[in-house]
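Residues per chain, in single letters:
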Amino acid sequence: MKRCGFLADQATLTSVLRACTGLALLELGRQVHVHVLKYHRDLILSNALLDMYCKCGSMEDARFEFTRMVHKDVISWSTMLIGLAQNGFSHEAIEMFEKMTSSCTKPNYITMVGVLFACSHAGFVDKGRSYFQSMESVYGVKPGREHYGCMVDLLGRAGKLNEAVELIQNMDRNRML
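So, here is what we can say about the structure in this document.

1. Here we look at helix α7 (residues 109-122)
- If you check α7, its first and last C-alpha atoms are 20 Å apart, about what 14 residues at 1.5 Å a residue would give, namely 20 Å.
- Buried within α7 are the following residues: T111, M112, V113, G114, V115, L116, A118, C119 and S120.
- Measuring from the backbone nitrogen of I110 back to the side-chain oxygen at the start of α7 gives 3.1 Å, which picks out N108 as the cap.
- Positioned one or two residues after α7, G123 has a phi angle of 80 degrees, which is positive.

In structure tokens:
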């Protein structure tokens, strides 16, 4: 593209970053990042960079990008939170959720999956239970299959198998209502 004299724009760079993310090509993604620095950075491009660094496991770069972002939306916060949780930083992911909610950014369905996943991997049964129970009333997110799955995982890891079975049975009843 460059050889043919075409300039990369936001859409092109975002697409290339998504490809780097999907193939876990961190070094190529860093090369694209250099090109991103030449252009006005918008939220979509910043989120694509953040997603690429998180999914490639480069949390130091992800943290740096996140702190540099002037504007953050629910996608930015959720991407960082899930990246932390999936890369073994569950405590930090839960702190990120608290910062997010205090910044008046409303969590969405995906955010809640991320925070429950983090609670499960950190062994925070009470905190996970509390987030799960407040999903609909506080955040307006109706629990779905993924949320129940995280809760069953959380309870199972904690050895609370009877409670996990009860949750599954209640899930079936709640879905019929």
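Moving on from the coordinates now.
2. A closer look at the nonpolar core
- Within the largest apolar cluster, 41 residues are counted, with the highest numbers of intra-cluster contacts made by M80, M112, L116 and Y131.
- What M80 contacts, discounting residues up to four positions off in sequence, is L50, C54, M59, A62, R63, F66 and M96.

3. Remarks on the side chain of N47
- Here N47 lies in helix α3 (residues 43-55).
- In this view, N47 contacts M69, D73, I75 and S76; residues no more than four positions away in its chain are not counted.

4. Regarding helix α8 (residues 125-139)
- Taking 1.5 Å as the rise per residue, α8 with 15 residues should run 21 Å; its terminal C-alpha atoms sit 19 Å apart, in good agreement.
- Maximum bend of α8: about 40 degrees, positioned at Q133.
- Of the positions making up α8, those classed as buried are V125, G128, Y131, F132, S134, M135 and Y139.
- Looking one or two places after α8, you find G140, whose phi comes out positive at around 70 degrees.

Criteria and thresholds
- Residues numbered from 1 in each chain as written.
- Predicted model: local features only at pLDDT ≥ 70, side-chain atom pairs only at ≥ 80, totals over all residues.
- Heavy atoms only, no water.
- Helix = DSSP H or I, 4+ residues; strand = E, 2+ residues; numbered from the N terminus.
- Expected span 1.5 Å × (residues − 1).
- Buried < 20%, exposed > 50% of the residue type's maximum accessible area, 1.4 Å probe, protein only.
- Polar contact = N/O pair within 3.5 Å; in protein donor to acceptor, adjacent residues only side chain to side chain.
- Core = buried A, V, L, I, M, F, W, Y, C linked by side-chain atoms within 4.5 Å.
- Contact = heavy atoms within 4.5 Å.
- Bend = angle between axes of the 7 residues up to and from the residue.

On their own, these measurements won't tell you what the molecule is for.
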